[in-house]
Structures are given as C-alpha cells and as structure tokens.
Amino acid sequence: MSLFTFEEAEQVQFIEPKDLKRWLKQEDAPLVINVTGEDTALQEHGVEANNQISVAITEFASLVNELDPDEPVVIVCQLGQKSFNAAQRLIESDYSCVFSLHGGLEAWKREAV
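Just so you know, these numbers come straight off a predicted model, no measurement behind them.

**Q** What is the right way to look at the packing of aromatic side chains in this model?
**A** Think of a pair of aromatic rings as described by two things: how far the centres are apart, and how the planes are tilted against each other in angle. A full pass over the atoms with the stated rule returns five aromatic pairs. Pairing Phe 4 with Trp 23 gives two aromatic rings, centres 4.8 Å apart and planes at 40°, and the pair type is tilted. One end of the pair, Phe 4, is in the segment before β1 (13-15); the other, Trp 23, is in helix α1 (residues 17-23), and 19 residues separate them in sequence. Judged on exposure class, the residue Phe 4 and its partner Trp 23 are both buried. Seen in terms of ring centroids, Trp 23 and Phe 99 are 5.3 Å apart; in terms of plane orientation they differ by 75°. Their pairing is edge-to-face. Here the residue Trp 23 occupies a position in helix α1, and Phe 99 occupies one in strand β5 (residues 98-101), the gap between them amounting to 76 residues. According to the relative accessible area criterion, Trp 23 is buried, its value standing at 0%. A relative accessible area of 3% places Phe 99 in the buried class.

If you want it as structure tokens, here you go:
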C-alpha cells in the first residue's frame, strides 16, 4: 500500500475515506476532529485515530486557538457538511493543512471497511 501524501493549501481539501484510512496508519497521521456531537462516533464507525478530539460543532470556535495551525487536521461529521463548515473556519484562521472527510462517517461506513 502506498503512502498518502498531503500538501498545504489555502482552502479546505476533501479526503476520501480510503485515503484517510491509509493516512491514519502512517507516522505523520493527522489530528482527527469529530464534530458529530457524539464522543464515541469515531470508535463506533471503526475510525482508528491515535490523535483525536471530539467537540460539538457549537463548541468548535473555542477550539480554534488551542490547536497548532501547522498540524494536518481532518474534520469529520456524519454527512460532511458540518465538517466542511468547521474546516472553513480553520482555513479562515490561517491553518495550513485542513481536510474535510468527503461524505462524512456515512461514506466511511460504506467505503473504508
């Protein structure tokens, strides 16, 4: 299996479930932020991320200044819309490598298993 490589960008990037699954197995795995509002959503869907945070979307703004803006981040929600909005907020706060899981955990459930 080849390595997933990422690049910095000035806009939200989308990541497919199969690519995230591959990236999570690498040494440079990203921080995964779960904005579903359910603390156990990642585990329930089989997302194995060593570096993860669960935060309700309503609390997300308070998290923005606490994270490293140079660390790769993947934001995850149920369908992909909330994660895109949260990712956009990080881009507006000068984060350099921000991804939204395309299709959210529903796509993960269909594609990454």
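Here the narrative resumes.
**Q** I'm lost on the sheet that holds strand β3 (residues 52-54) in this one. Help?
**A** Hydrogen bonds between backbone atoms are what pair the strands of a sheet, whose relative direction is either parallel or antiparallel. Strands sit in the order β1-β5-β4-β2-β3 across an open sheet of five strands; the sheet is parallel. Two strands close off the open sheet at either side, each with one partner strand: β1 and β3. Direction aside, the axes of adjacent strands within the sheet are offset by 25° on average. Relative to β5, strand β4 (residues 73-76) is paired through three bridges, and the arrangement is parallel. Considered in β5, the bridge of Ile 75 is made with Ser 100. Contacting β1, β4 and β5, helix α4 (residues 81-92) runs over the sheet at an angle of about 175° to β5.

Cut-offs used in this document
Residues numbered from 1 in each chain as written. Predicted model: local features only at pLDDT ≥ 70, side-chain atom pairs only at ≥ 80, totals over all residues. Heavy atoms only, no water. Phe/Tyr/Trp six-rings, centres within 6.5 Å; stacked < 30°, edge-to-face > 60°. Helix = DSSP H or I, 4+ residues; strand = E, 2+ residues; numbered from the N terminus. Buried < 20%, exposed > 50% of the residue type's maximum accessible area, 1.4 Å probe, protein only. Pairing = 2+ DSSP bridges. Axes fitted to C-alpha atoms, helices over the stretch in contact; angles between N-to-C directions. Contact = heavy atoms within 4.5 Å.

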